Amino acid sequence: MWRRSGDVAFALVFALAIAIEAVPLGYLTWTLLGRIGSERTDGPLVTILVGVVASATLALVIVMAYVLGYQLVSARLEAALVERRQTWVTRWLRVLDGSEPEPPAPLRREAIEALVGLREVLRGSQSDRVASLLESYGAAAAFKRAATAGRVPARLEAIEALASARVPSTLTALVRAVNDSQPVVRVAAARAAARTLATVEEPGARELGASALARALQRGHLPVGIVEEVLVLAEMAAAPIVSDLLLRDGVPSATLRAALDGVGRLQLLVFAEEVARFLTHPDAEVRAAALRATGRLGFLAETSRSAVIAALEAEEDFIRIHATSTARLLPRDQALVTLSERLGDRSWWVRRAAADAMASLGAPGLAELGRAARSHQDRFARDIAEQALRERVPALVQAVAG
Amino acid sequence: MRAVESALAGYQVFVIVYLAVLNLLYAVFAYAGLRAVIVGSRQTSDVELRDLLEHDVYKPVSILVPAYNEEHSIVASVGSFVRLQYPRFEVIVVSDGSTDRTMDRLIDAFALVEEPRVWARRLPTKPVGRVMRSLRYPGLVVAEKENGGKSDALNAAINLARYPLIAPVDSDSVLDAQAILRASRLFVKDDAVVAVGGTVRALNGAEFRGGRPVDLRMPNTWVERMQIVEYARAFFLGRAGWSRLGALLIISGAFGLFRREAVLTVGGFWTETVGEDMELVMRLHAENARAGRPHRIVFSPDPICWTEVPADVGTLRRQRNRWHRGLLTNLWRHRRMMLNPRHGRIGMLAMPYFVLFEALGPLIEVFGFLMFTLALVIGTLNPHTLWLFLILAVLHGVLLSQVAIGVEAMLLQRYGRLTDRLILFGAAFAEFLGLHQLLTMERFLATLQAGRKRGHWGEMRRAGIPSG
């Protein structure tokens, strides 16, 4: 979306232009304030004004010259860079298939960019070879250094490169950056660390990395969505991270919610018992996340049924919504009765969840929905049941027609 | 006579100090905005967006399109909305009692069929008639309702919305394919974010393919060209700067993304203003601050919305008149936030700025012209001094415009021809040689009409979004 070259320089040019303009302008304002109540003489004022106008003109010329120059050269430079990068992609592909020797170090910027790009595109052993090339040429170490010190824009660029490079040796630095003072850096580093961790194949190293990242996530107070994303991106390493977060005491509730949602999203059935423990958590948001996770796992232990049934009567709408969706996991007859009752809930969203849950139960659920649409005592329950049935009709027709 | 001279001299000094402070503030916003663009451009990477599409980590979005007599642009704009790059979204078009062929065009273009539907009526609105669903795009819903104004149509669309994020958009706008993707990221990245505003750019003159602008060309009239500069200044410097300072008061009605629950909690859009976009943002600030809820309202330069800007002076004047009346109504409604420390930077910085420089600006400027003219006539002001002041004011305004043009040049999709860039340079100068003064006069008139024309929208003449 944006050209990244030349923007920092433009900010400096603008700062210079404003300084050129502001100093004489400040002097003018000061002079004018001093004239309040005194005898006026326009002579010196005109001289100062001429100076201010001249400085403003100079500032304007500087900015316009930069913009015009930028317009003229940026597209040409970028096109040349893309061409050079493409040449390097071709060359690297020959290196990877052994038809050309590895080029001598040091590498130019476009050579490294081409290599980072290939790491994203290639799969399997070739991709691993690219990672080791990035390491052996010192590119990974250079990105690591840039990611941990300096100005925020440069650090973000380096972290982005590391997220693509996914070189295991950079994991420690990335995990450290998850606790950076800048929120934007924390978020970028967490994602890059998760992507890198996903490439660590040795189980012991993966466990260690996952544990370190889990601790960093707790300390980093990252938003729920980002922790969830980290779990998804960590792939095989998600389970040890979740394990660390669910079993540890004192984990912030936002992180806990994200871990529970991660369990559901990634279908980590191994944590079903742990999830059940949170169905009665004092924090309503955590309870809702546990209900969501249970619903997504599709498994409700007998010992947890009472917690779900209790949640159906919760004061908070959002708890009842998730409890209603999860109630489809109760024994079928109990589920149909419970969901039919929820069709008459005071919240439209709970009614909607009940209708959807009933429809998901197959023929018995659809039959019960039909009965509710015809004869439920609550008018709103009849309406929502009818709508849910109507929405299923195209899908059913399609299923029958093939 | 002596007293008149003193009064004139005093006012002159006041105007000059006023302009100096205003320009200083503009420079601060511009620098903050530029910084925000630099960081923002690196915040959401292509790798990140690809991950988002490949994995199941996103918040579904309901795009809300209020439409009133939009037969010329509705098919093109809705077409751009249904083709967005986003894993899960719905488009809800509400025809607000349109009397032209808006509904017919939608029915023909998207194969709409009537669908009885039940929904939660959490916001009161004028009665909604038939609700239709598209056979071509399952996520497209069109509702017809009695005319109640834009806010009322938006409230009806919110009632119909099913997803946690809502994106009110104008029906004469086109969204960039990744606009929702980029804006919705900010809700994932920060739990406190309740609303995100994006950049609005002028689509006039652009060549369209697949329902989206592919080649930017200068429009034919200087009125449109000057608005390109104006929009760049307002979004890349103004909004970005305010957002960076944590005091954003406006999210454009053309495109914004909100947490639906946050909007419902404060009661949806207020129907008594013609500046409903700004009013909602102000109310979100006010209510959340009162309830002690942490909240952030941010601008991101990345998500881009293309809109058709007025091509004739008459329509432009009516539009600016409406905007200014909306501003005055909203500031008056939320006057308790003014200089109220409980509202932080909104109360102590944004509100005073908007009152002093945006609401009262036209009055001060028009009286300034009158006073300077009077001072010239009675001989208490040196004509050289006056000319130099005017040149200085123009130069500073042009400088900020050129910076905004510079930011625009950093976009991958920019005005690529050198001649276009030179025309933009020219438009930045030309804006201060007539259009600015004309629009200041219009805002001055709007101030006088604020009470009398309350709620009056005014006729907007449009050519329509080009097909292709």
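Rules used in this analysis
- Residues numbered from 1 in each chain as written.
- Chains lettered and ligands numbered in written order.
- Predicted model: local features only at pLDDT ≥ 70, side-chain atom pairs only at ≥ 80, totals over all residues.
- Helix = DSSP H or I, 4+ residues; strand = E, 2+ residues; numbered from the N terminus.
- Rg over C-alpha atoms; globule rule 2.2 N^0.38 Å.
- Buried ≥ 20, exposed ≤ 12 C-beta atoms within 10 Å, placed from the backbone.
- Contact = placed C-beta atoms within 7 Å.
- Nonpolar A, V, L, I, M, F, W, Y, C, P; charged D, E, K, R; others polar.
- Domains from an automatic or database assignment.
- Axes fitted to C-alpha atoms, helices over the stretch in contact; angles between N-to-C directions.
- Parallel < 35°, antiparallel > 145°, perpendicular 65-115°, else oblique.
- Left-handed = near helix turned anticlockwise from the far one by under 90°.
- Pairing = 2+ DSSP bridges.
- Core = buried A, V, L, I, M, F, W, Y, C linked by C-beta atoms within 7 Å.
- pLDDT = per-residue confidence, 0-100.

Caption draft 1: View of the overall build of chain A. Looking only at helices and strands, one finds 20 helices and zero strands in chain A. Rg of the C-alpha trace for chain A: 31 Å, well past the compact-globule value of 21 Å for 402 residues, more than 25% over. Projected onto the principal axes, the alpha-carbon positions of chain A cover approximately 95 × 80 × 50 Å. Looking at chain A as a whole, 45% of its 402 residues qualify as buried. Long-range contacts, defined as pairs at least 24 residues apart, comprise 65% of the intrachain contacts of chain A with a sequence gap of at least 6.

Caption draft 2: The arrangement of the interface of chain B and chain A in detail. Contacts between chain B and chain A engage 53 residues on the former and 65 residues on the latter. Listed by contribution, the elements that provide at least two residues to the side of chain B that touches chain A are helix H1 (2-43), helix H2 (46-54), helix H6 (179-189), helix H13 (383-409) and helix H14 (418-449) of chain B. Taken together, the residues that form the side of chain B that touches chain A break down as 31 nonpolar, eleven polar and eleven charged.

Caption draft 3: Quick peek at the domain arrangement of chain A. Split into domains, chain A comes out as domain 1 (14-27 + 54-66), domain 2 (149-262) and domain 3 (308-402). Distance from the C-alpha centre of domain 1 of chain A to the C-alpha centre of domain 3 of chain A: 67 Å.

Caption draft 4: Structural detail: the packing of helix H14 (residues 284-297) of chain A against helix H16 (residues 317-326) of chain A. Residue and element names in this part refer to chain A. Between H14 and H16, whose axes approach to 8 Å, the crossing angle comes to 20 degrees. Classified by the interaxial angle, the pair formed by H14 and H16 is roughly parallel. In the packing of H14 onto H16, the handedness of the crossing is left-handed. Contacts between H14 and H16 pair Ala284, Arg287, Ala288, Leu291, Arg292, Thr294 and Gly295 from the former with Phe318, Ile319, His322, Ala323, Ser325 and Thr326 from the latter. Class assignment of the residues belonging to the contact of H14 with H16 gives a composition of six nonpolar, five polar and two charged.

Caption draft 5: Seen up close, the sheet that holds strand S11 (residues 256-259) of chain B. Residue and element names in this part refer to chain B. The ten strands are arranged S3-S4-S5-S2-S1-S6-S11-S8-S12-S7 in an open sheet whose pairing can be described as mixed. The strands lining the two open edges of the sheet, one partner per strand, are strand S3 (112-114) and strand S7 (173-175). Averaged over all pairs of adjacent strands, the angle between strand axes in this sheet comes to 30 degrees, irrespective of strand direction. Examined bridge by bridge, strand S1 (residues 61-67) and strand S2 (residues 89-96) share seven bridges and lie parallel to one another. Within the sheet, the bridge partner assigned to Pro66 lies in S2 and is Val94. Running at roughly 180 degrees to strand S12 (residues 296-307), H6 makes contact with S1, S2, strand S6 (165-168), S7, strand S8 (193-202), S11 and S12 of the sheet.

Caption draft 6: Structural detail: the nonpolar core. With 150 residues, the main nonpolar core has Val63 of chain A together with Leu64, Ile92 and Leu249 of chain B as its most contacted residues. Counting residues per element, this core draws most heavily on H13 of chain B, at twelve residues. Apart from residues no more than four positions distant in its own chain, Val63 of chain A is found in contact with Val13, Phe14 and Ala17 of chain A together with Leu399, Gln402, Val403 and Gly406 of chain B. Grouped together as the second largest cluster of nonpolar side chains are 107 residues, Leu115, Ile159, Ala190 and Leu245 of chain A included.

Caption draft 7: Looking closely at the packing of helix H8 (residues 183-197) of chain A against helix H9 (residues 203-220) of chain A. All names here are of chain A. At a minimum axis separation of 11 Å, H8 and H9 run at an interaxial angle of 165 degrees. Considering their axes alone, H8 and H9 lie roughly antiparallel with respect to each other. Here H8 runs over H9; the crossing is left-handed. Of H9, the residues touching H8 (which contributes Arg186, Ala190, Ala193 and Leu197) are Arg206, Gly209, Ala210, Leu213, Leu217 and Gly220.

Caption draft 8: Quick look at the environment of Thr373 of chain B. Its place among the elements puts Thr373 of chain B in helix H12 (residues 361-377). With 82 residues separating them in the primary sequence, Thr373 of chain B and Ala291 of chain B have C-alpha atoms 51 Å apart.

Caption draft 9: A look at the confidence of the model for chain B. For chain B, per-residue confidence averages 89 on the pLDDT scale, and 96% of positions sit at 70 or higher. For this predicted complex, the interface confidence score (ipTM) comes to 0.87, while the overall pTM stands at 0.87.

Caption draft 10: Broad picture of the environment of Asp378 of chain A. Residue and element names in this part refer to chain A. Mapped onto the elements of the fold, Asp378 is located in the loop between helix H19 (363-375) and helix H20 (379-401). On the basis of neighbour count, Asp378 is assigned to the partly exposed category, with 15 C-beta atoms found within 10 Å. On a C-alpha basis, the gap between Asp378 and Gly344 in space is 5.8 Å, while along the polypeptide they are 34 residues apart. Leaving out residues up to four positions away in the same chain, Asp378 has contacts with Leu343 and Gly344.

Caption draft 11: Region of the structure containing the pairing of strand S4 (residues 128-134) of chain B. Residues and elements named next belong to chain B. Judged from the three bridges that link them, S3 and S4 form a sheet pairing that is antiparallel. Residue Val113 lies in a different strand from S4, and its bridge partner there is Arg133. In terms of strand pairing, S4 meets strand S5 (residues 140-145) through four bridges, oriented antiparallel. Its bridge partner lying in S5, Arg133 is registered against Val141. Two successive antiparallel strands, S4 and S5, enclose a turn made up of five residues.

Caption draft 12: Broad picture of the pairing of S11 of chain B. Residue and element names in this part refer to chain B. Bridge count for S6 against S11 is two bridges, and the pairing is antiparallel. Residue pairing for S11: Ile166 is matched across the bridge by Phe258. Both S8 and S11 contribute to a ladder of three bridges, which runs antiparallel. Its bridge partner being in S11, Val196 is matched across the sheet by Leu257.

Caption draft 13: Geometry of unusual backbone geometry. The omega torsion of the bond from Ala105 of chain A to Pro106 of chain A falls at -5 degrees, within 30 degrees of zero and hence cis. With respect to the helices and strands, the residue Pro106 of chain A is situated in the loop between helix H2 (42-96) and helix H3 (109-121). Unusually for a residue other than glycine, Ala111 of chain B sits at a positive phi of about 50 degrees. Positionally, Ala111 of chain B belongs in the loop between helix H4 (102-110) and S3. For Ala111 of chain B, a count of 14 C-beta atoms within 10 Å gives the class partly exposed.

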